[in-house]
Amino acid sequence: MRDSERAVSIQNLTKYYGKFQALDNISFEIRRGDFFAFLGPNGAGKTTTINVITGLSNFQQGCVKVFGYNTTSEYIQTRRLVGLCAQEFNFDPFLTIHQLLVYQAGYFGILPQEASRRTDELLDRFQLIDKRNVKHRALSSGMKKRLLICRALIHDPEILILDEPTAGCDLELKFLIWDYLTQLNNEGKTIFLTTHYMEEAERLCKTIGIINHGRIVRIGNKQDVLKDKSLEAVFLEVTGLE
Amino acid sequence: MITNPIGVMALSKREIIRFLSVASQTVFPPLVISLLFMYIFGVAIGERIDFSVAGLSYLGFIVPGLMAMHLISASYENTSSSLFIARWHNHIQEVLLSPLSYFEMVLGLLAGGVARGVVVCAGVYLVSLPLAPAAILHPFLLLYFILTVSVIFACAGMMGALWAEDFGMLGVWNIYVIMPLILLGGVFHPLSLLPKIVRHISQFNPMYYFINGIRYSMTGVSDASIAVCALTALLMAVGFFFFTVYLFRIGYKLRT
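Residues numbered from 1 in each chain as written. Chains lettered and ligands numbered in written order. Predicted model: local features only at pLDDT ≥ 70, side-chain atom pairs only at ≥ 80, totals over all residues.

**Re the overall build of chain B**
Within chain B one finds 11 helices and zero strands. Listed N to C, the secondary structure of chain B is α-α-α-α-α-α-α-α-α-α-α in terms of helices and strands. Against the 2.2 N^0.38 benchmark of 18 Å for 256 residues, chain B shows a C-alpha radius of gyration of 19 Å, consistent with a compact globule. Considered along the principal axes of its C-alpha atoms, chain B spans approximately 60 × 35 × 35 Å. The buried share of chain B, reckoned over its 256 residues, is 47%. The long-range fraction of contacts in chain B, counting pairs at least 24 apart against all pairs at least 6 apart in sequence, stands at 82%. (Helix = DSSP H or I, 4+ residues; strand = E, 2+ residues; numbered from the N terminus. Rg over C-alpha atoms; globule rule 2.2 N^0.38 Å. Buried ≥ 20, exposed ≤ 12 C-beta atoms within 10 Å, placed from the backbone. Contact = placed C-beta atoms within 7 Å.)

**Some words on the overall build of chain A**
Scanning chain A for helices and strands turns up nine helices and 10 strands. The C-alpha radius of gyration computed for chain A amounts to 18 Å, which stays within 12% of the reference 18 Å derived for 242 residues, consistent with globular compactness. Here chain A holds 242 residues, and the buried ones make up 46% of them. Residue pairs at least 24 apart in sequence account for 66% of intrachain contacts in chain A once pairs closer than 6 positions are excluded.

**Observations regarding the interface of chain A and chain B**
Chain A puts 26 residues into the contact, and the matching count from chain B is 22 residues. Sort the elements by how many residues they give to the side of chain A that touches chain B and helix 3 (residues 97-107) of chain A lands first, with four residues. For the side of chain A that touches chain B, the class distribution of residues is 13 nonpolar, nine polar and four charged. (Nonpolar A, V, L, I, M, F, W, Y, C, P; charged D, E, K, R; others polar.)

**Considering the sheet that holds strand 1 (residues 6-17) of chain A**
Residue and element names in this part refer to chain A. Spatial ordering of the open sheet is given by 2-1-4-5, a layout of four strands whose pairing is antiparallel. Looking at the sheet topology across the chains shown, the edges are occupied by strand 2 (20-31) and strand 5 (69-70). Where strand 1 lies against strand 2, eight bridges are found, and the strand directions are antiparallel. Bridge pairing in strand 2 links S9 to E29. Sitting on the sheet, helix 1 (residues 46-54) is in contact with strand 1, strand 2 and strand 4 (61-66), with an inclination near 115° to strand 1. (Pairing = 2+ DSSP bridges. Axes fitted to C-alpha atoms, helices over the stretch in contact; angles between N-to-C directions.)

**As for the sheet that holds strand 9 (residues 207-212) of chain A**
Residues and elements named next belong to chain A. If you walk across this open sheet you meet the six strands as 6-7-8-3-9-10, and the pairing is mixed. Looking at the sheet topology across the chains shown, the edges are occupied by strand 6 (82-85) and strand 10 (215-221). Each strand axis lies, on average, 15° off the axis of its neighbour in the sheet, ignoring direction. Bridge count between strand 7 (residues 159-163) and strand 8 (residues 190-194): five bridges; the pairing is parallel. Bridge assignment links I159 to a residue of strand 8, and that residue is T190. Each of strand 3 (35-39), strand 9 and strand 10 touches helix 9 (residues 231-239); the most contacted strand, strand 9, lies at about 30° to it.

**Notes on the confidence of the model for chain B**
Low-confidence regions, as indicated by low pLDDT, have predicted coordinates that should not be scrutinised in detail. On average, chain B scores 93 in pLDDT, and the residues at 70 or more come to 99%. Across the predicted assembly, pTM comes out at 0.92 and ipTM at 0.92. (pLDDT = per-residue confidence, 0-100.)

**Here's the deal with the nonpolar core**
Ranked by size, the top nonpolar core spans 141 residues in total, and within it A:C150 and A:I161 carry the most contacts. Tallying contributions element by element places helix 4 (residues 58-89) of chain B first for this core, with 16 residues. Among residues more than four places away in sequence, those in contact with A:I161 are A:I50, A:I53, A:T54, A:V82, A:G83, A:L84, A:C85 and A:F192. (Core = buried A, V, L, I, M, F, W, Y, C linked by C-beta atoms within 7 Å.)

**What to know about helix 9 of chain A**
All names here are of chain A. Taken together, the buried positions of helix 9 are L231, V234 and F235. For helix 9, the angular spread of the buried residues around the axis is 100°, confining them to a single face. Summarising the contacts, the buried residues of helix 9 are in contact with strand 3, helix 7 (198-204), strand 9, strand 10 and helix 8 (222-226). Residue G240 follows helix 9 closely and has a positive phi angle near 75°. (Arc of directions from axis to C-beta.)

**A short note on the environment of B:S73**
If you trace the backbone, B:S73 turns up in helix 4. Note: C-alpha distance between B:S73 and B:V120 (47 residues apart in sequence) is 9.7 Å.

**Points about the environment of B:A161**
All names here are of chain B. Take A161: it is sitting in helix 7 (residues 139-163). For the pair A161 and A86, spaced 75 residues apart in sequence, the C-alpha separation works out to 9.5 Å. Ignoring sequence-local partners within four residues, the contact set of A161 consists of T79, S80, L83, F84, R87 and L170.

**What about helix 3 (residues 28-45) of chain B?**
Between its terminal C-alpha atoms helix 3 of chain B stretches 24 Å, which fits the 26 Å expected from 18 residues at 1.5 Å a residue. For helix 3 of chain B, the full list of buried residues reads B:P30, B:S34, B:F37, B:M38 and B:G42. (Expected span 1.5 Å × (residues − 1).)

Okay, structure coming up:
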């Protein structure tokens, strides 16, 4: 890694969809090993920011780096370091979940035998091992959520980006995911999480950023952001939803 | 240029297994259709046609044409459907998030189209043997044409898949452009049988050079200069490949 301290560095990022400005000159950094919550109302720019970091979106202005590598000109290096757990269940419908993860590992240069071992390990960890030979359509939505996380982790990324990972999950699954994310973070992985659940962000994260209308309206470590208020109160205050 | 060979192999394998796992839809239909064409046009009708002008039996003439026709359509259909479905379901993100370079992504996706084209083309030749047993006169030249032509149309399939917004648009190029050009390019007739003006127009049809290249490799008979056929195929294969890589690089309909 070129910059082992800064997991993500965004400077003056501006992004338009046609004439609509989705991100307005935003800048922030995420330290290595941080557990960062990125909050904002629907349409505020959370997913767009994630897509820019992962290379799924182009942007008009600014500079985005992952561990010191530029996501545009050094995308091969940055993609090795990032795992994305997207919102939607975008799996290849023709593959079993085991094949799906083995191929995904293959794209990251992992040999089939090792890919199969990692796949079984993750499927076991997320209680999907008995479903290894079924296609994703046969899974419940909670299982698909877990599969999304497995796919994001298959290449053992340095930073895990999760876009509303617990949306629609029951309590049991929510706790399973929270435990695993905390464990990963304790092992040194950087976590970038978007969520609409304030208690989730408050419980898990060390640093909080809030975006509204494409602008960062509050960012800092949890204590500085909250002071003596609840996260919900801060969120409503800075987004003007009070 | 390839820094992630395991990644390219994984993507290639996925693309090849995809069409092999549904061989009843991807491999066998062109073989059945070719057999029917050979029987109806080559045997039932062809034996009544004086075809000495071409220096071959009519059946011997259409077999390389049918091989070329199915090589082109199989290569095109494989990549166009695979990439379009990946865009439709958005599982193209699996590839876009990976550390494959854009060159490697295209190479991996291309493998399925080329492999399906080669399998179908070889299959058409094999089913022709009971009706028109013939040795291949220039096997290495045939391999050259099969590979270059399948690369061209596998890349064209990817371009079509990126351009299309729905399943209707996906079929437009194949139905209204590629198939008419193939049929007018000399699958069933030599150019010399056409009126002079149509003959001149046909020389602007690239399919004419691909079909003649394959026919020459098989039989030693061609309407066109074999050097022109080989050069046309090579230039188009290189051009189409790098244009497809360019589309991936700029994220044309792949990135928002």
